[in-house]
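A closer look at the structure
Spelled out from the first residue to the last, the chains are:
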Amino acid sequence: DVYKRQRNILIHGKLVPGGGAIEMEVSKRLLEKAKTIEGLQQLPFKAVAFALEIIPKTLAQNCGADVVRVITELRAKHAGAEGQFFGVEGNTGKITDMREASVWEPLAVKLQTFKTAVEASAMLLRIDDVVSGIKKKKEQKTGGPQVQQPEGGEQETFGDARDG
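Residues numbered from 1 in each chain as written. Predicted model: local features only at pLDDT ≥ 70, side-chain atom pairs only at ≥ 80, totals over all residues. Heavy atoms only, no water.

**Regarding unusual backbone geometry**
Condition: Helix and strand assignments come from DSSP, with helices taken as H or I runs of at least 4 residues and strands as E runs of at least 2, each series counted from the N terminus. Exposure categories follow from relative accessible area, calculated using a 1.4 Å probe and restricted to protein chains: below 20% of the type maximum is buried, above 50% is exposed, and the middle band is partly exposed.
The backbone of Ser102 shows a phi angle near 55 degrees, a positive value even though the residue is not glycine. As for its placement among the helices and strands, Ser102 is situated in the loop between α6 (98–101) and β4 (104–106). Among the residues examined, Ser102 registers a relative accessible area of 54% and is labelled exposed.

Okay, structure coming up:
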């Protein structure tokens, strides 16, 4: 595992700050981009931005920190000029400049993580399309959605002769 990390660093040679700093910065920039877009087209930007914030939230939660307070403080730090380097320190749960804490991640690993997440989301959407397409075909063949009948074969209704 250590050899793979060294190989990634040597081959690609670029590091990014860890501790959820990159995720928060990308989230911030996606939200800024979403503000420039009208209508429903902004929703995917907001959804991805929200999803990326899960990483620093999880780090804060695993440290036992107050997640809401930490994420609010982290957003405030990222609003500043040098904010892109601030992340969650993994032992204490405090907001720290990742340059000073020497917490770095290989860019190649981070890019692959983002690509894999997008591919997994696309796969889930395709599966959902297939499942909903199968349901629609069944409804078209039978003339509507299927309603399960009770065991006795009689359909229970309100206010009929069985109610007395």
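**Considerations on the packing of helix α2 (residues 21–35) against helix α3 (residues 43–52)**
Between two packed helices, what matters for the description is the angle formed by their axes and the separation of those axes. Applied cut-off: The convention used is that axes are lines fitted to C-alpha atoms, helices contributing only their stretch in contact, and that angles between N-to-C directions extend from 0 to 180 degrees. Relative orientations are named as follows: roughly parallel for angles under 35 degrees, roughly antiparallel for angles over 145 degrees, roughly perpendicular for angles from 65 to 115 degrees, and oblique for any other angle. Each crossing gets its hand from how the near helix is turned against the far one by less than a right angle, where anticlockwise is left-handed and clockwise is right-handed. Residue contacts follow a heavy-atom distance rule, with two residues in contact if any of their heavy atoms lie within 4.5 Å.
Here α2 crosses α3 at 160 degrees, and the two axes come no closer than 8 Å. Classed by the angle they form, the pair α2 and α3 counts as roughly antiparallel. Crossing of α2 over α3 shows left-handed handedness. Residue-level inspection shows Glu23, Val26, Ser27, Leu30, Leu31, Lys33 and Ala34 of α2 in contact with α3, the latter providing Phe45, Lys46, Val48, Ala49 and Leu52.

**As for a nonpolar patch on the surface**
Formally: Exposure above 30% relative accessible area and the lack of any salt bridge qualify a residue for a patch; like charges then connect within 9 Å, and the nonpolar side chains Val, Leu, Ile, Met, Phe, Trp and Tyr within 5 Å. The accessible surface values rely on the Shrake-Rupley method and a 1.4 Å probe; as for residues, cover is taken only from the protein chains in view. Here a salt bridge means any side-chain nitrogen of Lys or Arg lying within 4 Å of a carboxyl oxygen belonging to Asp or Glu.
A cluster of nonpolar residues, Met123, Leu124, Ile127 and Val131, forms a patch on the protein surface that exposes about 370 Å² of accessible area. With respect to the helices and strands, the residue Val131 is situated in helix α7 (residues 107–142).

**Examining the side chain of Asp97**
Worth spelling out the cut-off: For the purposes of these results, a polar contact is taken to be a pair of N or O atoms within 3.5 Å, where, inside protein, one atom must be able to donate a hydrogen and its partner to accept one; residues adjacent in sequence count only when each atom of the pair is a side-chain atom.
Its location among the elements puts Asp97 in strand β3 (residues 95–97). Looking at Asp97, its side chain comes within polar contact range of the side chain of Arg99, at 2.9 Å.

**Observations regarding the pattern of salt bridges**
Per the counting criterion, the structure on display carries eight salt bridges. Between Lys110 and Glu23 there is a salt bridge, and its shortest N-O distance comes to 2.6 Å. Of this pair, Lys110 sits in helix α7 while Glu23 sits in helix α2, and the two are 87 residues apart along the sequence. Looking at Lys110, the relative accessible area reads 9%, which means it is buried. Glu105 is paired through a salt bridge with Lys110; the nearest N and O atoms lie 2.9 Å apart.

**Let's talk about the nonpolar core**
Our working definition: Residues belong to a common nonpolar core when they are buried Ala, Val, Leu, Ile, Met, Phe, Trp, Tyr or Cys residues joined through side-chain atoms within 4.5 Å.
Within the largest apolar cluster, seven residues are counted, these being Met24, Ala60, Val70, Leu74, Phe86, Val88 and Ile95. For this core, the secondary structure elements donating two or more residues are α5 (67–79) and β2 (86–88). Once residues within four sequence positions are removed from consideration, Leu74 is found in contact with Met24, Pro56, Phe86, Gly87, Val88 and Ile95.

**A word on the layout of surface pockets**
Stated formally: Whether a set of points on the 1 Å grid over the protein atoms alone is a cavity depends on a 1.4 Å probe fitting there but being unable to get out, while an open set qualifies as a pocket with protein on both sides within 12 Å along at least five of seven lines; lining residues are those with an atom within 4 Å of a point. Grid points are joined across faces, edges and corners, and a volume is the space filled by probe spheres set on the points. Charged residues are taken to be Asp, Glu, Lys and Arg, nonpolar residues to be Ala, Val, Leu, Ile, Met, Phe, Trp, Tyr, Cys and Pro, and polar residues to be all remaining types, Gly included.
Here the largest pocket is characterised by a volume of approximately 470 Å³. Taken together, the elements giving at least two residues each to the lining of the largest pocket come down to α2, α3, α4 (54–62) and α7. Take the lining of the largest pocket: its biggest share by element is eight residues, from α7. Residues that form the lining of the largest pocket fall into these classes: 13 nonpolar, two polar and two charged.

**Things to note about the packing of α3 against α4**
Between α3 and α4, the shortest axis-to-axis distance is 5 Å and the interhelical angle comes to 20 degrees. In this view, α3 runs roughly parallel relative to α4, as classed from their interaxial angle. When α3 is examined against α4, the residues Phe50, Ala51 and Leu52 are found in contact with a partner set consisting of Ile54, Ile55, Pro56 and Lys57. Considered class by class, the residues forming the contact of α3 with α4 number six nonpolar, no polar and one charged.

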